[in-house]
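Notes for the structure review
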Amino acid sequence: MIWAQTPERVIGADGGMPWHVPEDLAYFKSITAGCPVVMGRRTWESLPERFRPLPGRVNIVVTRSAEQRGRLAGEGAVPAESLEEALDEAREHVNDASSLIWIMGGGGVYAEAVERDLADLASVTIIDTDAPGDTYAPELHPSQWVMAGSAQGEGSWDTSESGTRYRFETYRRV
Ligand SMILES: NC(=O)c1ccc[n+]([C@@H]2O[C@H](COP(=O)([O-])OP(=O)(O)OC[C@H]3O[C@@H](n4cnc5c(N)ncnc54)[C@H](OP(=O)(O)O)[C@@H]3O)[C@@H](O)[C@H]2O)c1
């Protein structure tokens, strides 16, 4: 899984992200490059039309609606009816150069992935803002997840060109 969150675990507000940290978008791009990505229908819709499907990655989008699946296929996504179907589809596209499948949101999809133990890695960017939101990251329970490292060193931050502090953390399922 990969996401960016505030210290209060906010990941989204009004269908978008309530911060502007281009360094995190670049990090997301480099980490997911070449790998299949799995997302919910609303996350797909949150991507600017000119950036979707995300290039260089098979974009698999889950929706329970047959009508939406038809529309998504027309927009260049690979539609799936469930998370299982999405992950099966993603496995078809994994190769040696892209051995990971990234679940990229949103809130309900991350929650289901954690609840059903479908993920073994979480790349979490902490964005140092108290911006309010309406969508949240799942809790990674310390008995099940350990921090494997932070690019900046534990407790240290980088500062975005936008002025907001951020840090990249990686968690692994125990
Ligand atoms: N900060 C970050 O890293 C990050 C990452 C991703 C998203 N976000 C933010 O999160 C928000 C969007 O997330 P969200 O939680 O509202 O929506 P979402 O998870 O992206 O999409 C929800 C939709 O996905 C479909 N879906 C979810 N689980 C499914 C399942 N098990 N089987 C089939 N379909 C399923 C349903 O579509 P239908 O209703 O069509 O059936 C559901 O309504 C936006 O604000 C976005 O900017 C932030």
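This text gives an overview of the structure that appears in the document. (Residues numbered from 1 in each chain as written. Predicted model: local features only at pLDDT ≥ 70, side-chain atom pairs only at ≥ 80, totals over all residues. Heavy atoms only, no water.)

1. With respect to the overall build of the chain
Stated precisely, the cut-off is as follows: Strands are runs of DSSP state E lasting at least 2 residues, helices are runs of H or I lasting at least 4, and numbering of each runs from the N terminus. Only the C-alpha atoms count toward the radius of gyration. The rule for a globule is 2.2 Å times the residue count to the power 0.38. Shrake-Rupley sampling with a 1.4 Å probe provides the accessible areas, and residues are treated as covered by the protein chains on show and by no other component. Under the counting rule used here, the positive set is Lys and Arg, the negative set is Asp and Glu, and His together with the chain ends is not counted. Taken as the charge centre is NZ of Lys, CZ of Arg, CG of Asp or CD of Glu, depending on the residue.
Within the chain one finds five helices and eleven strands. For 174 residues, the compact-globule formula gives about 16 Å, and the C-alpha radius of gyration of the chain, at 16 Å, lands near that figure. Considering only C-alpha atoms, the chain reaches an extent of 45 × 35 × 30 Å along its principal axes. For the chain, the accessible area works out to roughly 9300 Å², and carbon and sulfur atoms hold 47% of it. The average position of the 16 basic charges and that of the 27 acidic charges among the side chains of the chain differ by 2 Å.

2. A short note on the sheet that holds strand 5 (residues 78-80)
Put simply, the rule is: Here, any two strands with at least 2 DSSP bridges between them count as paired. Whether two residues are in contact is decided by their heavy atoms, any of which lying within 4.5 Å being enough. Comment: axis = line fitted to C-alpha atoms, over the contacting stretch for helices; angle = value between 0 and 180 degrees taken between N-to-C directions.
Pairing is parallel across the open sheet formed by four strands, whose spatial order is 5-4-3-6. Two strands bound the open sheet, and with one partner strand each, they are strand 5 and strand 6 (102-103). As paired strands, strand 3 (residues 37-40) and strand 6 are joined by two bridges and run parallel to one another. Each bridged residue has a counterpart across the sheet, and for Val38 the counterpart in strand 6 is Ile103. Lying over the sheet, helix 4 (residues 83-92) contacts strand 3, strand 4 (59-62), strand 5 and strand 6, oriented at roughly 170° with respect to strand 4.

3. Some details on the packing of aromatic side chains
Centre distance and the angle of the planes are the two values used to describe a pair of aromatic rings. Put simply, the rule is: Pairing of aromatic rings covers Phe, Tyr and Trp, the last counted by its six-membered ring, and requires centre-to-centre distances within 6.5 Å; plane angles under 30 degrees mean stacked, over 60 mean edge-to-face, and any other angle means tilted. Relative accessible area decides the class of each residue, using a 1.4 Å probe on protein chains only: under 20% of the type maximum gives buried, over 50% gives exposed, and in between gives partly exposed.
Scanning the model with the defined rule gives three aromatic pairs in all. Plain terms: the ring middles of Trp3 and Tyr110 are 4.9 Å apart, the flat faces sit at 55° to each other, and that makes the pair tilted. Here Trp3 is found in strand 1 (residues 2-5), whereas its partner Tyr110 is found in helix 5 (residues 107-115), with 107 residues between them in sequence. On the basis of relative accessible area, Tyr110 is assigned to the buried category, the value being 3%. An angle of 55° between the planes, with centres 5.3 Å apart, marks the rings of Tyr166 and Phe168 as tilted.

4. Regarding helix 4
Residue pairs spaced three or four apart in an α-helix point in one direction, given the helix's 3.6 residues per turn. We apply this condition: To obtain the arc, one takes the directions from the helix axis to the C-beta atoms.
Every buried residue belonging to helix 4 is among Leu83, Ala86, Leu87 and Ala90, and all of these are buried. Projected down its long axis, helix 4 carries its buried residues within an arc of 95°, all on one side. Looking at the buried side of helix 4, the elements it contacts are strand 3, strand 4, strand 5, strand 6 and helix 5.

5. Regarding the site of the ligand
Inclusion rule: We call a residue near a molecule or strand when any one of its heavy atoms sits within 4 Å of it. Whenever a nitrogen or oxygen atom comes within 3.5 Å of another N or O atom, the pair is scored as a polar contact, on the condition that within protein one atom can donate a hydrogen and the other can accept it, and that pairs from neighbouring residues in sequence are kept only if both atoms are in side chains.
Among the 29 residues in the neighbourhood of the ligand, the closest are listed as Ala4, Arg41, Thr43, Thr63 and Glu112. Contacts to the ligand include Gly106, whose backbone N or O atom sits 3.0 Å from an oxygen atom. Surface burial for the ligand is 87%, taken as the share of its 930 Å² of free accessible area covered by protein chains. If you list the elements that add at least two residues to the shell around the ligand, you get strand 1, strand 2 (10-12), helix 2 (41-46) and helix 5.

In short, shape yes, function no, at least from these values alone.
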